[in-house]
Amino acid sequence: MENGTLSIGGMTCAACAGRIERTVKKIEGVSTATVNLASEKLFVEYDAAPRLAAIKEAVAKIGYEVLEKPKAALSIPIGGMTCAACAARVEKAIRRLNGIESVSVNLATEKAAVSYDPQTVRLPAIREVIEKAGYKALDFSRKEAVDEDQIRKERDIRILKTKFIIAASLALPLLYIAMAPMISWARLPFPRALSPMNFPLIYGLAELALTLPIIAVGYRFYTVGFKALWQRSPNMDSLIALGTTAAVLYSAYNIWRITQGRFMAVDSLYFETAGVIIALILLGKTLEAVSKGRTSEAIKKLMGLAPKTAIILENGAEKEIPIEEVLPGDIIVVKPGARIPVDGTVTEGHSAIDESMLTGESMPVDKSAGSDVYAATINTTGVIQFKATKVGSDTALARIIKLVEDAQGSKAPIAKLADIVSGYFVPIVCLIAVAAGAAWFAGTRDIEFSLTIFISVLVIACPCALGLATPTAIMVGTGKGAENGILIKSGEALETAHRINTIVFDKTGTITEGKPEVTDIIPAGGTDSEYLLRITASAEKGSEHPLGQAIVNGAEEKGLELFRVEHFEALAGRGIEAEIGGIKALVGNRKLMEERGVRLEELEAASDRLAGEGKTPMYAAFNKNGDTFSAAGIIAVADVVKAGSKAAIESLHRMGIEVAMITGDNRKTAAAIAGQVGIDRVLSEVLPQDKSTEVKKLQDGGRKVAMVGDGINDAPALAQADIGIAIGSGTDVAMESADIVLMRSDLMDVPAAINLSKRTIRTIKQNLFWAFGYNTVGIPIAAGVLHLFGGPLLNPIFAAAAMSMSSVSVLTNALRLKRFKA
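Values in this document were obtained by computation on a predicted structure and should not be read as measured data.

A. View of the overall build of the protein. From N to C terminus, the protein includes 28 helices and 30 strands. Every one of the 822 residues in the protein was classed for burial, and the buried ones make up 51%. Here the analysis covers contacts within the protein between residues at least 6 apart in sequence; of these, 68% occur between residues at least 24 apart. Counting every atom, the protein has about 36800 Å² of accessible surface; 56% of that belongs to carbon and sulfur.

Have a look at this one:
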């Protein structure tokens, strides 16, 4: 027998997985077939290699896609990017390679997320195209990524600060020398030896001497800018390089004219323009680097939570080892005040664990033998021992970090326009600069005036603001969400959430505690109440439904001995059927009783009363003689409404969002629960498989729908909804099935998540408005449109200052999201 693993595309729910399993099992020679919906993989065992082709054909025939080539994914830190044009250029270079599945370059994190086929293209080839494009593909070790990345960024900031200090210390005297003689009315002190009227050549050479070191510290603008220009992919560096080079060359030409005896050429020196522009751009880049570092603080904070070592028990003795060496099955000792190193299950001891760093819940949670504990949480009181179950990248913390990283690397649909514009922006600016300069020269015959226009247009344009507008806000927004136990899995989910106008809550375990209890036992037809509970509990022993378990718990609490069940069958969405000692029993809802012709007149009044009290009446019917079923009574089960449910729904109402509840309960019980918490719309008596249909009906009515459930039982509905929200399941498989994962079971996190989405999207829109507005207004002003109608002309120095501050303003606006409070 041979084993095979196939990646399957197109699955949306457990029904898809079941259909694929059934289809594959029918193929001759296949012994087992198991589908993992979370990983979208089919595991098969078959008798010969040619059988694999038949399996692929069968899966494709029923409408699913077999993804034959395994894909690898990696995140490559890239050095040397300065604007959105750089990011677009790197994306284009990588995408040209055969075998590249997808590539997304995030300018804010300075990383390229690449998905590729390792059998077609290798990592060295990807690195090579990045280097050929003029950028640096940096090494990335997962084990030490945070430290190395932080060290690299801190080094870059230090270098930028040093360069700015050098440039500013030279640009200030350069600006003084250039401007002081022009404002003679101010009578500023000025050395006679540098007088432009008396010693024009010395004056010009002094400006050149101050300008050359500034150009030297800003050399990167020229090496990168001209290389990009040569390769016909100009970027922001190209604009700066062109503008300042034009100013320096024209000034150098005028120094040559002075040496030829044309002393009035001293009035045509623009060295200060180039020097001050470079100094201002370096200031902007320094501030931008500092601000960009702050946008990723949340994920760094998460990464820094995990301890570096763990204390394990080895032959009865404690031994401290590096966290990387911990294996599943190791027994780990954690003392008070220490962090839990990996995920596991407590085997000995009792303590309270502070899980706030993962869930946002401030109160410590009591843990004892059998309780689960999670990496990075803090042991506050007693000493505990636990068995490691998940280590490394499998821990809850590692999965949360990966989820946040993926979200921060994703692009929201709102960013598409900025991405399109960024690709054409720099070439268009170059054309506008040339056209504006040429037009003014044609109209004025003044080369200096035309040069001023040309330089101003080049240096005021800011593609950086366009490139940073969306990713920075997404990074801060998703990071802030993670700090508050709200995990948003993609930029698309973040954007969609702000448009939600209807939220559907599953009742059990979401609005209610999910821990139902038996409240009333009402026998009928001469049945004894204790006997009714005993038979019903015995029948429900094989059920996994929470209501069934509540009946079993009720019988066990009364000390009743349960009967042996000879036959059991679960009837989806209706109840169960069982045979116990020759007695056939039906336990379930009214729908089941009506299907089997059970008369319920005797129980009508009691059923209505119980439902009106918010309790769920579970009917029982017995067949003792092999004839027909007759009503044996009602066992009422009630689930307590969560403390925060009403407040959360009131909060959603204040936001203008309609709230619906979906449940399998009868209409009266559902209405009673809905009345307690203020639900607008009740969808009752809905079978599990029909929940997604109800969601679709709401969508067909023009509503943007979010579904809130546990992420496992409600998988089809979560998939159907515009946004699926898994609540209270941040540490299990629900993380794979929802768009947003809420780590706590507090419904107040639902309006908090919607609010965070609204705030983030508002910030993105503000950023895009500023970025587009700045360039739309700034470029025409720099081109002399105002001057054409008698207004002022923009000095290139002020243009450079405006450009530097535009990207910083976008980053600063995004950082305001850090003040968000759930």
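B. Broad picture of the packing of helix α6 (residues 200-217) against helix α8 (residues 236-259). Two elements in contact, α6 and α8, have axes separated by 10 Å at closest approach and are oriented at 155 degrees. By the criterion of interaxial angle, the relationship of α6 to α8 is roughly antiparallel. Two packed elements cross with a definite hand, and for α6 against α8 that hand is left-handed. Residues P200, L201, G204, L205, L208, T211 and I215 of α6 lie in contact with α8, whose contacting residues are V248, I255, I258 and T259. Partitioning the contact of α6 with α8 into residue classes produces eight nonpolar, three polar and no charged.

C. The arrangement of the sheet that holds strand β28 (residues 705-709) in detail. Reading across the sheet, the seven strands line up as β18-β30-β29-β28-β19-β26-β27 and stay open at both edges, with mixed pairing between neighbours. Sheet topology places β18 (486-488) and β27 (681-683) at the edges, where each strand pairs with a single neighbour. On average, each strand axis in the sheet is tilted by 20 degrees relative to the strand beside it, whichever way the strands run. Taken strand by strand, helix α24 (residues 691-700) contacts β19 (502-506), β26 (658-662), β27 and β28, and its axis lies near 155 degrees from that of β28.

D. Structural detail: the packing of aromatic side chains. Per the stated rule, a full pass over the model turns up seven aromatic pairs. Ring geometry for Y531 and F622: centres 6.3 Å apart, planes at 90 degrees, overall edge-to-face. Taken as a pair, Y531 in helix α18 (residues 529-540) and F622 in strand β24 (residues 616-623) lie far apart in primary sequence, 91 residues in all. Ring centres 5.8 Å apart and planes at 35 degrees place the aromatic pair W770 and Y774 in the tilted group.

E. Here's a closer look at the pattern of salt bridges. For the structure shown, the criterion picks out 22 salt bridges. Here E314 and K319 are joined by a salt bridge, their closest N and O atoms 3.6 Å apart. With its nearest N and O atoms 3.5 Å apart, the salt bridge here joins E613 to R609. Residue R609 is classed as partly exposed on the basis of its relative accessible area of 41%. Ionic contacts of the salt-bridge type, sharing partners, join the residues D520, R609, E613 and K615 into one network.

F. Quick peek at α24. Of the positions making up α24, those classed as buried are K691, S692, E694, V695, L698 and Q699. Buried residues along α24 cover an arc of 160 degrees about the axis, so they all sit on one side. Structural note: α24 exposes K697 and D700 on the side pointing more than 90 degrees away from its buried face. Elements in contact with the buried residues of α24: β19, β26, β27, β28 and α25 (715-720).

G. Structural view of the environment of M803. Topologically, M803 is positioned in helix α28 (residues 796-815). You can call M803 buried: its relative accessible area is 3%. Sequence separation between M803 and L280 is 523 residues, and the spatial gap between their C-alpha atoms is 9.0 Å.

H. The arrangement of a nonpolar patch on the surface in detail. A surface patch of nonpolar side chains, about 400 Å² in accessible area, is lined by I420, Y424, I428 and I432. Mapped onto the secondary structure, I432 falls in helix α13 (residues 416-444). The class of I432 is partly exposed, set by a relative accessible area of 32%.

I. Looking closely at the sheet that holds β24. In space, the six strands of this open sheet follow the order β20-β25-β24-β23-β22-β21, with antiparallel pairing throughout. This sheet does not close on itself; its edge strands, each paired only once, are β20 (517-523) and β21 (567-571). Sheet twist, expressed as the mean angle between neighbouring strand axes with direction ignored, is 20 degrees. The pairing of β20 with strand β25 (residues 630-638) spans six bridges and is antiparallel. Bridge pairing in β25 places E517 opposite A638.

J. Up close: the environment of T536. Relative to the helices and strands, T536 resides in helix α18. When its relative accessible area of 1% is taken as the criterion, T536 is described as buried. Spatially, the C-alpha atoms of T536 and I580 are 9.8 Å apart, while their sequence positions differ by 44 residues. Contacts of T536, omitting those with residues within four sequence positions, involve I551, V587, A620, F622 and I635.

K. Geometry of the pairing of strand β22 (residues 575-580). Taken together, the five bridges between β21 and β22 define a ladder with antiparallel strand orientation. For A570, the partnering residue across the bridge sits in β22 and is I576. Counted along the chain from β21 to the antiparallel partner β22, the turn is three residues long, and its residue G573 has a positive phi close to 75 degrees. Note that β22 and strand β23 (residues 583-588) share six bridges and pair antiparallel. Across the sheet, E579 pairs through a bridge with K584, a residue of β23. Where β22 folds back on β23, the antiparallel hairpin that results is connected by two residues, among which G581 adopts a positive phi of roughly 55 degrees.

L. Highlighting the pairing of β23. Burial within β23 is extensive, with five of its six residues counted as buried. With five bridges connecting them, β23 and β24 associate as antiparallel partners. The residue bridging A585 from the neighbouring strand is F622, located in β24.

M. A look at the nonpolar core. Membership of the largest hydrophobic core comes to 142 residues, with the highest contact counts inside it found for I94, I503, F505 and V750. The dominant element in this core, judged by the number of residues it contributes, is helix α26 (residues 749-782), at twelve residues.

Thresholds applied
- Residues numbered from 1 in each chain as written.
- Predicted model: local features only at pLDDT ≥ 70, side-chain atom pairs only at ≥ 80, totals over all residues.
- Heavy atoms only, no water.
- Helix = DSSP H or I, 4+ residues; strand = E, 2+ residues; numbered from the N terminus.
- Buried < 20%, exposed > 50% of the residue type's maximum accessible area, 1.4 Å probe, protein only.
- Contact = heavy atoms within 4.5 Å.
- Areas by Shrake-Rupley, 256 points an atom, 1.4 Å probe, with all protein chains shown as cover.
- Axes fitted to C-alpha atoms, helices over the stretch in contact; angles between N-to-C directions.
- Parallel < 35°, antiparallel > 145°, perpendicular 65-115°, else oblique.
- Left-handed = near helix turned anticlockwise from the far one by under 90°.
- Nonpolar A, V, L, I, M, F, W, Y, C, P; charged D, E, K, R; others polar.
- Pairing = 2+ DSSP bridges.
- Phe/Tyr/Trp six-rings, centres within 6.5 Å; stacked < 30°, edge-to-face > 60°.
- Salt bridge = Lys/Arg side-chain N within 4 Å of Asp/Glu carboxyl O.
- Arc of directions from axis to C-beta.
- Patch = residues over 30% accessible without salt bridge, like charges linked within 9 Å, V, L, I, M, F, W, Y side chains within 5 Å.
- Core = buried A, V, L, I, M, F, W, Y, C linked by side-chain atoms within 4.5 Å.

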